[in-house]
Amino acid sequence: MKKSTTLKRIGICSAILLSSLLGSCISLYTGRATIIDTGGAIANVGQQRPRLRPELPPRPKNESDYQLHYRTWKKGDRYLVELPVCYAPANYSVLVHFAGHGTRRKKTLAVEYPKHYSNAELSQFPVEYYYAELTAEQYKKMWRMDKRIKAPKFASFQHIPIFAAADINLRDTILHKDFYGHSAHMQKIWQNSQEIPKPRRTWYNQCLRPISWAAEVVDIPLSLIATPIGWVADAIYEPLAN
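Residues numbered from 1 in each chain as written. Predicted model: local features only at pLDDT ≥ 70, side-chain atom pairs only at ≥ 80, totals over all residues. Heavy atoms only, no water.

Q: When you look at a nonpolar patch on the surface in this model, what are you seeing that I'm missing?
A: A surface patch of nonpolar side chains, amounting to about 350 Å² of accessible area, comprises V45, W203 and Y204. Overall, V45 belongs to the partly exposed group, its relative accessible area being 39%. (Patch = residues over 30% accessible without salt bridge, like charges linked within 9 Å, V, L, I, M, F, W, Y side chains within 5 Å. Areas by Shrake-Rupley, 256 points an atom, 1.4 Å probe, with all protein chains shown as cover. Salt bridge = Lys/Arg side-chain N within 4 Å of Asp/Glu carboxyl O. Buried < 20%, exposed > 50% of the residue type's maximum accessible area, 1.4 Å probe, protein only.)

Rendered as structure tokens:
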């Protein structure tokens, strides 16, 4: 009796594992998957995350022409790059549905909820200034455009020190650049530096963190269940919509 029960459990676990592996392989091959993130939903509560804050330049071409304000200073043989930052409520996506590779030209059920903040939304939050200190070589690399499809990780930007405005003195500096532009250059610092400002958490967000971590584990089977449902929804919706 015990032997048959053990074999039954092994069979069930093996079937679940094989189904999970099969689903993962299909998702990777087709680009179709549905991700559930209840852990992210819990982590959103009482947390604010720093974002680069775009704004409209003095003479925008249109109302959606949001750009970053670049101001850099030279201080001896080093450069200071001003980072305009705002703290916005965390909005980790609770549901993400990927509708496959190369589907830009047709109607799909691709969705992300909640969506990322738009530039217009980010511009409504108060701005705070931080300053990244770069060597001359790092400063040159910041402005250099990489035309390769897959740009490499910018390891030289990982340990760039970043200071709050209250901790920096601009008295002995010379204004080097002052203009509005797109985020590509500043993102090299923001996406790679390990010194970017930390999220701000309320006391109840700190209390919820262990629950959020536990929910991330539960999200794995939930996503495995949701993905085939997403495939069925795609199979019904896309032929009718296109």
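Q: Explanation requested: the packing of helix α4 (residues 136–143) against helix α5 (residues 184–192) in the structure shown.
A: The description of two helices packed together rests on the angle between their axes and the distance between the axes. Between α4 and α5, whose axes approach to 7 Å, the crossing angle comes to 125°. As far as their axial angle goes, α5 and α4 are oblique. Seen from α4, the contacting residues are K141, M142 and W143; seen from α5, they are H185, M186, K188 and I189. Of the residues in the contact of α4 with α5, the class split is four nonpolar, one polar and two charged. (Axes fitted to C-alpha atoms, helices over the stretch in contact; angles between N-to-C directions. Helix = DSSP H or I, 4+ residues; strand = E, 2+ residues; numbered from the N terminus. Parallel < 35°, antiparallel > 145°, perpendicular 65-115°, else oblique. Contact = heavy atoms within 4.5 Å. Nonpolar A, V, L, I, M, F, W, Y, C, P; charged D, E, K, R; others polar.)

Q: Help me understand the side chain of S212, please; the structure alone is not making it clear to me.
A: Structurally, S212 can be placed in helix α6 (residues 203–241). For S212, the residues in contact, after removing those within four places along its chain, are G39, I42 and A43.

Q: Help me out: how do you make sense of the environment of K106 in this one?
A: Note on placement: K106 falls in the loop between β5 (95–99) and β6 (111–113). Measuring from C-alpha to C-alpha, the distance between K106 and N242 comes to 6.5 Å, with 136 residues separating the pair along the chain. When sequence neighbours within four positions are dropped, the list of residues in contact with K106 reads R32, E238 and N242. A polar side-chain atom of K106 sits 3.2 Å from a polar atom in the side chain of E238. (Polar contact = N/O pair within 3.5 Å; in protein donor to acceptor, adjacent residues only side chain to side chain.)

Q: Looking at this model, I keep getting lost on the environment of V81. Mind explaining?
A: Within the secondary structure layout, V81 lies in strand β4 (residues 78–89). Among the residues examined, V81 registers a relative accessible area of 0% and is labelled buried. Remark: the alpha-carbon pair of V81 and Y130, spanning 49 residues in sequence, is separated by 8.3 Å. Apart from the residues within four sequence positions on either side, V81 is in contact with R71, T72, Y130, Y131, A132, L134, Y139, M142 and I189.

Q: Sorry if this is basic, but what is going on with unusual backbone geometry here?
A: Across the chain, the bulk of peptide bonds are trans and the bulk of non-glycine residues have phi less than zero. Omega for the peptide link from Y113 to P114 comes to -10°, which places this bond in the cis form. Tracing the sequence through the fold places P114 in the loop between β6 and α3 (119–122).

Q: Please explain the pattern of salt bridges as it appears in this structure.
A: Close approach of charged atoms allows side chains of opposite charge to pair. Applying the stated criterion across every chain, the model contains six salt bridges. With a closest N to O distance of 2.9 Å, R32 and E238 form a salt bridge. Of this pair, R32 sits in strand β1 (residues 32–36) while E238 is found in helix α6, placing the two residues 206 residues apart along the sequence. Judged by its relative accessible area of 8%, E238 falls in the buried class. Ionic pairing is found between R200 and E128, a salt bridge with its closest N-O pair at 2.9 Å. Of the two residues, R200 is situated in strand β10 (residues 200–201) and E128 in strand β7 (residues 128–135); the sequence distance between them amounts to 72 residues.

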